[in-house]
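# What the coordinates show
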Amino acid sequence: MKNQLILILDFGGQYKELIASTVRSLGVYSEIKAGNIPIDEIKKLNPIGIILTGGPNSVYEDNAPIRDKDIFNLGIPIFGICYGMQLMTHVLGGIVSKGKVGEYGTVLVERENGDKFNALMSHRDVVEKLPEGFIQLAKTANCIAEASNHEKKLFMTQYHPEAKHTEGGRETFKNFLFRICGAKGDYSLDDFIEVQMKNIREQVGNGQVLLALSGGVDSAVCATILSKAIPGQLTCIFVDHGFMRLNESEEIEEVFAKRNLNFIRVNASDRFLAKIKDIFEPEKKRKLIGEEFVRVFENEAKKINADFLAQGTIYPDIVESGGTGEVIKSHHNVGGLPKDMGFKGIVEPLSQLFKDEVREVGRKLGLPNTIVERQPFPGPGLAIRIMGNVTYEKLEIVRLADAFVREELDKLQVRPNQYFAVLTDTLSVGVKGDARTYDPVVAVRAVITEDFMTADYFPVSHDVLGKMAKRITSELPVSRVVYDISPKPPATVEWE
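Now for a quick tour of the structure. On a predicted model such as this, the values are computed, not experimentally measured, just so you know.

## Overview of the pairing of strand S12 (residues 262-267)
Summarising the sheet, strand S11 (residues 234-240) and S12 pair through six bridges and their orientation is parallel. Across the sheet, threonine 235 pairs through a bridge with asparagine 262, a residue of S12. Running through helix H7 (residues 248-256), the crossover from S11 to the neighbouring parallel element S12 is right-handed.

Below is the structure:
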């Protein structure tokens, strides 16, 4: 049975993934597509509702992404959020203009009945006049229209109900999904494993599959599903690119070599380091590392006559790599794949899941918490935790600095969701042993997050920060340590 679909049209919104995962968490399947998807394709997808995301543009400017009125005449309920509200207003005859002041962060919103609540805002443009037939539902001190609806099941908010900072945001989505769209709530992961195993068998047949195994939760869950679906046809390749954390390569080998898998470890650190020598731009580093990954897999595939390349690609990888619009950052298993791969096809059983869904599947498969709850680690590894050019000496510094950070934060009863060290490309004057030094600056990053689409810095105590800084500056050629307190957005979790 095919699940009901909520279609999310992306206009460059920073929270599009959070919208999609919120909808799914309420038991309704969602997919993200580019904002300019043709009407005919929308009809083929047959969604029960459409959500228009936010975005960085102004609807009244040239080259702003705009839909024509046809989408509002489909008879499908539509929910516009932030830019989505402005687009709906503009297209249907209302007026959008630049506001006197912007609204950013948490803002107090007042409903028409006088009730007030806090909501996350991120906009400068305002709805000056609503289109004909729309009813004002809420306002703020600076904006006369913060929420509005129309009897034709058109609904819009200037604020972001998908953000955890918005009070009652989840109820807003429930109202749209179940009262306005008539959703049945027919989506769950209960039958996901069986469905994917069936799909894998149909795609692969008797072929041999080569899996890129990183040791992270995505590739571990992927490996477990594949081993159940096609026992005896799977070879797991762990490519040690030399950018792993301290002792991590050995730990991964110890865990997976004992499992019912054909496990092969390829030591390719020199090869990867040479590939990105004198490369300073982070996107180019990511793509080169991604291409080298595939080349290594191709070499190993020739030894075992593999027909398919399997990957633990998940939905945010595709979205961030430009699969639905703007590139945020390329992932080595998406943006860096060359066209002449040499495999019959790619097997990606997790490609439509968000991280929290992957973890849930891992638990259903009986994987231990040490794997299911493993701290996220980027595919290019420490290569993108070194700002600019990567060298062996820099890798040794950041590897140990990162180990010191994790050792100190691992002692806490309540820990951040992700924490690590970054070797910046900034040099700073210092003094060691009465001698002047001019050494790199290390940044420490620790965040708390529910979904990794938004994040706040973790309030590490000064005592713990002092211990980390002392270890790093005493034992490594580092002049000073700084702590990153930037939220996401505007920052990302990783520095590159």
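## Looking at the sheet that holds strand S6 (residues 116-129)
Reading across from one edge, S2-S1-S3-S4-S9-S8-S7-S5-S6 is the order of the nine strands in this open sheet, with mixed pairing throughout. With one partner strand each, in any of the chains shown, strand S2 (29-34) and S6 form the two edges of the open sheet. The mean inter-strand angle of the sheet, taken between neighbouring strand axes irrespective of direction, is 20°. Where strand S3 (residues 49-52) lies against strand S4 (residues 78-81), three bridges are found, and the strand directions are parallel. Bridge pairing in S4 links leucine 52 to glycine 80. The strands that helix H1 (residues 16-25) touches are strand S1 (5-10), S2, S3 and S4; relative to S2, the one it contacts most, it runs at about 160°. Along the sheet, helix H3 (residues 83-91) makes contact with S3, S4, strand S5 (95-111), S6, strand S8 (147-150) and strand S9 (154-157), crossing S4 at roughly 115°.

## Observations concerning the pairing of S3
Burial along S3 is two-sided: Gly49 and Ile51 and Ile50 and Leu52, pointing in opposite directions, are all buried. For S1 and S3, the ladder comprises four bridges, and the chain directions are parallel. Along S3, the bridge assignment pairs leucine 9 with leucine 52.

## A closer look at helix H11 (residues 355-364)
Of all the positions in H11, only Lys355, Glu357, Val358, Arg359, Val361 and Gly362 are classed as buried. On its buried face, H11 is in contact with H1, helix H5 (192-204), helix H6 (217-229) and helix H12 (369-372). Directly after H11, the chain includes glycine 366, whose backbone phi takes a positive value near 85°.

## Quick word on the sheet that holds S12
Read across the sheet, five strands follow the order S12-S11-S10-S13-S14 without closing on themselves; strand pairing throughout is parallel. Edge positions in the sheet fall to S12 and strand S14 (345-347), since each of these pairs with one other strand and no more. On average, adjacent strands in this sheet sit at an angle of 30° to one another, irrespective of strand direction. In the packing of H5 onto the sheet, contacts are made with strand S10 (209-212), strand S13 (308-310) and S14, and the angle to S14 comes to roughly 160°.

## Details of the nonpolar core
Proteins that are soluble and globular tend to have nonpolar side chains buried together. Membership of the largest hydrophobic core comes to 87 residues, with the highest contact counts inside it found for Val221, Ile225, Leu226, Phe243, Phe297, Leu350 and Val361. Considering each element in turn, this core owes the most residues, eight residues, to H6. Leave out the neighbours within four places in its chain, and isoleucine 225 touches Phe192, Met197, Ile200, Leu350, Val361 and Leu365. Listed in part, the 26 residues of the second largest apolar core include Ile39, Tyr83, Met88 and Leu154.

Basis of the calculations
One numbering rule holds for all chains: residues counted from 1, following each sequence as written. Local features are withheld for residues below a pLDDT of 70 in this predicted model, meaning they are given only at 70 or higher, and side-chain atom pairs are given and counted only at 80 or more; totals for whole chains, interfaces and linings count all residues. In computing side-chain properties, one takes all heavy atoms of the structure into account and sets aside hydrogens as well as water. Think of it this way: DSSP has to see at least two bridges between two strands before they count as a pair. Think of it this way: any DSSP run of H or I at least four residues long counts as a helix, any run of E at least two long counts as a strand, and we number them from the N terminus. Convention used here: a crossover is right-handed provided that the path from the first strand, over the helix, to the second strand proceeds clockwise when the strands point away from the viewer. In this analysis, axes come from line fits to C-alpha atoms, helices being fitted only over the stretch in contact, and the angle between any two N-to-C directions falls in the range 0 to 180 degrees. Residue contacts follow a heavy-atom distance rule, with two residues in contact if any of their heavy atoms lie within 4.5 Å. Only protein chains enter the accessibility calculation, which uses a 1.4 Å probe. A residue is then buried if its area is under 20% of the maximum for its type, exposed if over 50%, and partly exposed in between. Residues grouped as a nonpolar core are buried Ala, Val, Leu, Ile, Met, Phe, Trp, Tyr and Cys residues, joined through side-chain atoms within 4.5 Å.

In short, shape yes, function no, at least from these values alone.
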